[in-house]
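# Close look at the chain arrangement
Below are the chains, spelled out letter by letter.
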Amino acid sequence: MAGPPPVIARARTAVRASLTARIEQLADDTAVGHLSPRILVGLSGGADSLALLATTVWVGSRMGLETEAVIVDHAMQSGSAQVAERALVQAQQLGAGGQVIRVEVDLAAPGGLENAARSARHEALETAREERGALALLMAHTLDDQAEQVLMGLARGAGLRAMAGIPRTRGALLRPFLGTGRDERTALRRVDTEEICRLHDLQWWEDPMNSDLTMLRSRVRHRALPLLREILGDQIDENLARTADLVRPDVDHLDREAQALLPSLRREGGELREDGDLLQLDVHALAAVPAPLRTRILRDASRSAHRATPRDAAAGSSKSLLRRHVLAIDALVVSWHGQAAVPVPGRIEVARRDGLLVWRRLDP
């Protein structure tokens, strides 16, 4: 008996591997009693997410798992409600339950429209997962998305974390079409998801924002990458995705090491503590830490101090912590010559005082 077309078989293998790894992870977790044998799939109505839903329904049914689609309506385009309803009907035709969630996108949020829409979407999807007690939430990012993400990170000079690209997993969030990470053939491309939709006789929706050249990702997709393929060869997408795979384990390791070290460097300050102090680190112990870990500790400490700042005191600050901020703080540790405190986003400054590196609130 003939098996499924190769592209469908590859997609099923990717989803099955991702779900199996998640179930194995949960097997060692004692706090999973609230979870149900249910999977959620983020569905936009586009080719990628429709292909993922069709695949997940098939794989999930054979693993004893119920599949549901979650459609997020950003209400940013005319006719978005109709697009969401059509996606819901398609989900039901594929044998999945479904729901439509309408969200409000803060158009004035820092980071731009695309980032604001992504944040609203992810928050809605995670809320739905928690409410439904689903053991996993699947998203349909492909190798093409990964290549675009890495290229944009390189263009911004955003460092290794950006080059690590889109993670395959983050807790209950799974992205099966990015592949297993151990076999590059398990990742799917956009042409693959479109072919899967054709084989399932599914008509997908083309998001007009994907061809809007005022958006950075669209310019990367339709201008930068085609030019790079012409100059460097068609393998550029796979090479960019491979770069993420090579970088990510190292970045994750360094981040974990920095997070583990930070508590041991914290000091309470005692009688040296002043009003407005948010966080204090031992500057001499910090100086002995290797630079790749030390700068990560300074980054994490700055973010921790920002979270500790009363909301009203930090109001009006939409700036992000940048590399120049971290390097200026690092100079207080390793190149101390009595320099002034370093202002950082969130109405905070970092100063060296009495053997301590101190994050403190600025007076309003």
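Given the structure is predicted, the values throughout are model-derived calculations rather than measurements. (Residues numbered from 1 in each chain as written. Predicted model: local features only at pLDDT ≥ 70, side-chain atom pairs only at ≥ 80, totals over all residues. Heavy atoms only, no water.)

This next bit is on the pattern of salt bridges. The full count for this structure, using the stated rule, is 30 salt bridges. Among the ionic pairs, Asp192 bridges to Arg10, the shortest N-O distance being 3.5 Å. One end of the pair, Asp192, is in helix α7 (residues 190–199); the other, Arg10, is in helix α1 (residues 6–27), with 182 residues separating them in the sequence. Judged by its relative accessible area of 12%, Asp192 falls in the buried class. Put simply, Arg185 and Asp183 hold a salt bridge, and the shortest N to O gap is 3.0 Å. For Asp183, a relative accessible area of 26% corresponds to the partly exposed category. Connected through salt bridges with shared partners, the residues Arg161, Asp252, Asp255, Arg296, Arg299 and Asp300 form a single ionic network. (Salt bridge = Lys/Arg side-chain N within 4 Å of Asp/Glu carboxyl O. Helix = DSSP H or I, 4+ residues; strand = E, 2+ residues; numbered from the N terminus. Buried < 20%, exposed > 50% of the residue type's maximum accessible area, 1.4 Å probe, protein only.)

Next up on the list: the sheet that holds strand β4 (residues 134–138). Sheets are built from strands that pair by backbone hydrogen bonding, the pairs being arranged parallel or antiparallel. The strand order β3-β2-β1-β4-β6-β5 describes an open sheet built from 6 strands, whose pairing is mixed. Looking at strand neighbours, the two that pair on one side only are β3 (97–102) and β5 (169–170), the edges of this open sheet. Across the sheet, α1 is in contact with β1 (36–42), β4 and β6 (173–174); its angle to β4 comes to roughly 145°. Its contacts with the sheet place helix α2 (residues 47–62) against β1, β2 (66–73) and β4, and it is angled at close to 165° to β1. (Pairing = 2+ DSSP bridges. Contact = heavy atoms within 4.5 Å. Axes fitted to C-alpha atoms, helices over the stretch in contact; angles between N-to-C directions.)

Turning to unusual backbone geometry, a few remarks are in order. The backbone of Arg347 shows a phi angle near 55°, a positive value even though the residue is not glycine. Mapped onto the elements, Arg347 comes out in the loop between β8 (342–344) and β9 (348–353). A relative accessible area of 34% places Arg347 in the partly exposed class. Even without being a glycine, Asp354 presents a positive backbone phi close to 55°.

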